[in-house]
Structure formats: structure tokens, C-alpha cells
Amino acid sequence: FKQVNDSLGHKAGDELLTIIAERLTNKLRQEDTVARLGGDEFVIMIDEVTSVEDISILVSEISNVIDLPIKLSSQTVSVSSSIGIAMFPGDGSNSEELLKNADIAMYHAKKKGRSNFQLFTQKMDELVKGRLELENQLKKAHKAKIFENYYQPIFNTDTNKIEGFEILMRWPTAAGMIPPDKFIPVSEELGFIEQMTLDAFKRAMPVLHTMRKSGFKGYLSVNLSAKHFDNQTSIDQIILLLKQHHIPVDATTPSEKGPTVPST
């Protein structure tokens, strides 16, 4: 929907919404309700659902109807849907609960890919609440800068020597370490990963400086997020930080080079 608005204009976007609304209305019974919540979100209320199987069949048909190409002016566009389903009374005793839980199910459907639908489950609600709690904890941890660096040796089996260290970002809490595979994706989505990586470099510089004074000629390896390559400024900040600490970034041999930054 955003792409249509951006490329063809808001008039085309409004026309697209009108066509989708008509398709939904024509697919349902007269006693059913179709409403637009805002943006490209619609809500459908269906009375007297007899079984989950029946609603699943209907939702699949709705998805297929939405998927049909739409002609707007001189362009033909294709859109897809993500549908979340909440059923009364098991998934909510009032409209507010039903809408909230249908919304949760919709976001799970989005994660599954295009033209998908999901029925709400209690586990989804638990996952959403857990995710929200993790986001709040991460925001506080980032603001307080409580992340730590661990340094994993990179061992050369040919020379039997340590050639470098990989910087591993760790998040200590009172309940123990939170695994990076849990907090790194969230930090990327929240837009924190670039600053968190720069902070990791800042913590590493005194360590590397001390090691080099002691005769260490190896390097540091750091995993970068794809977000860094979307924003050249974040790469420039890292390079500037290295230069400020007189750490080479373009040497030709492992024993001479500074931190390496393989992307992940």
C-alpha cells in the first residue's frame, strides 16, 4: 500500500482501498460487517461461525480475492494480505480484546510471509508480552550502557598462535546473561544496533591499546549488522574512532592489520 502511495500517488492509494473494500464486501454475507480501521487495515466481523474449518476456508478465499491484480490508471499492481483471526468468546469477551488478539495474530501471519493467516493462540499473547518486556529492558540497558565486551581468541592452527580476537557483545542481568541471538535482532529493529556496535568499539580500544603496548600485533574482528551498510555514517564513525586511536584498518597481513569487520 505504501509503495502504491509513494509511486502512483495518494489518489491511486485511495482507489486501491476502495477496490479492496468492494472485494471484501462482495465476498461476505449481507449480515457480516466490513470496516476500515485506518491505513491499509480492515476488520471483518462474522456472526454465527460454526467451526474453525469453515472460517479457515472463508479466510483463504478472502486472501485469494485480495491477491488478484488491480488496475490503477495505467498500472497493474498486486497486493497481498496478512490476516489475524480471533474468535468469541474463547479469544476475548469484548470487542477490544477481540481486536487486540486479532491484531496479534495478524503480526504473526506477517512473519509467515505473503498471503498468510493465523488463528490467535494464548502462546502468541505470551510471546508479544515477552517481546514487549524485552524491548523495555533493552531500551534501559542501552541507555545505561551496561553491555560488555567478551574477547574470543582466533587461533591459527598452522602457527599455533593467537592471531586476533573477536569482539562478542554480552548483556549481563541479575538473572544471568541474555543470549545475543535474542537481543541483537530486537536491537536492530529498534534502531540501536549501530550505536551499540560503536560503543563496543569504544570499550575495545583501551583493551587493544594495552595489548599492542605489550607486543600484541594481532587484530580484532567485529560482526556488523546489515544496518551498518544501509548507513554510511555508521561506518565512517567506526573508521574515525579507529584512526583516533591510531589503529590501522587497511594492512595486508593478519599480523599487521587492525580490527576486521566481517558482515553477518
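Residues numbered from 1 in each chain as written. Predicted model: local features only at pLDDT ≥ 70, side-chain atom pairs only at ≥ 80, totals over all residues. Heavy atoms only, no water.

(A) Quick peek at the pattern of salt bridges. By the definition in use, this model includes 9 salt bridges. A salt bridge links Lys27 to Glu61, with the shortest nitrogen-to-oxygen separation between them at 3.3 Å. Highlighted residues: Lys27 in helix H2 (residues 10–27) and Glu61 in helix H3 (residues 52–67), separated in sequence by 34 residues. When the shortest N-O distance is used, the salt bridge between Glu135 and Arg131 registers 2.7 Å. With a gap of 4 residues between them, Glu135 and Arg131 both fall in helix H5 (residues 122–144), about one helical turn apart. Of the residues examined, Glu135 reaches a relative accessible area of 17% and is grouped as buried. (Salt bridge = Lys/Arg side-chain N within 4 Å of Asp/Glu carboxyl O. Helix = DSSP H or I, 4+ residues; strand = E, 2+ residues; numbered from the N terminus. Buried < 20%, exposed > 50% of the residue type's maximum accessible area, 1.4 Å probe, protein only.)

(B) Region of interest: the environment of Phe216. Within the fold, Phe216 resides in the loop between helix H7 (193–213) and strand S10 (219–221). Taking the relative accessible area as the measure of exposure, Phe216 reaches 17% and is therefore buried. Taking the C-alpha atoms as reference points, Phe216 and Gln195, 21 residues apart in sequence, are found 28 Å from one another. With sequence-adjacent residues up to four places away left out, Phe216 is seen in contact with Ile162, Glu163, Gly164, Phe165, Leu208 and Met211. (Contact = heavy atoms within 4.5 Å.)

(C) Spotlight on H5. Compared with an ideal rise of 1.5 Å per residue, which puts 23 residues at 33 Å, H5 spans 33 Å between its outermost C-alpha atoms and is within 8% of the ideal. Considered for burial, the residues of H5 that qualify are Met124, Asp125, Leu134, Glu135, Leu138, Ala141 and His142. Residues of H5 that are buried make contact with helix H4 (95–112), strand S6 (116–119), strand S8 (161–173), helix H6 (180–190) and H7. Positive backbone phi, approximately 55°, marks Lys145, located one or two places after H5. (Expected span 1.5 Å × (residues − 1).)

(D) Spatial organisation of the nonpolar core. Core analysis: the biggest nonpolar cluster contains 28 residues, and Leu138, Phe147, Trp171, Phe183, Phe201 and Met205 have the highest contact counts within it. At the level of secondary structure, the elements contributing two or more residues to this core comprise H5, S8, H6, H7 and helix H9 (232–244). Looking at this core, the element that brings in the most residues is H7, giving 7 residues. Apart from residues lying up to four places away in sequence, Leu138 is in contact with Phe147, Trp171, Phe183, Val186, Ser187, Leu190 and Phe192. If you look at the next biggest cluster of nonpolar residues, it comprises 18 residues, including Val4, Leu24, Ile62 and Val79. (Core = buried A, V, L, I, M, F, W, Y, C linked by side-chain atoms within 4.5 Å.)

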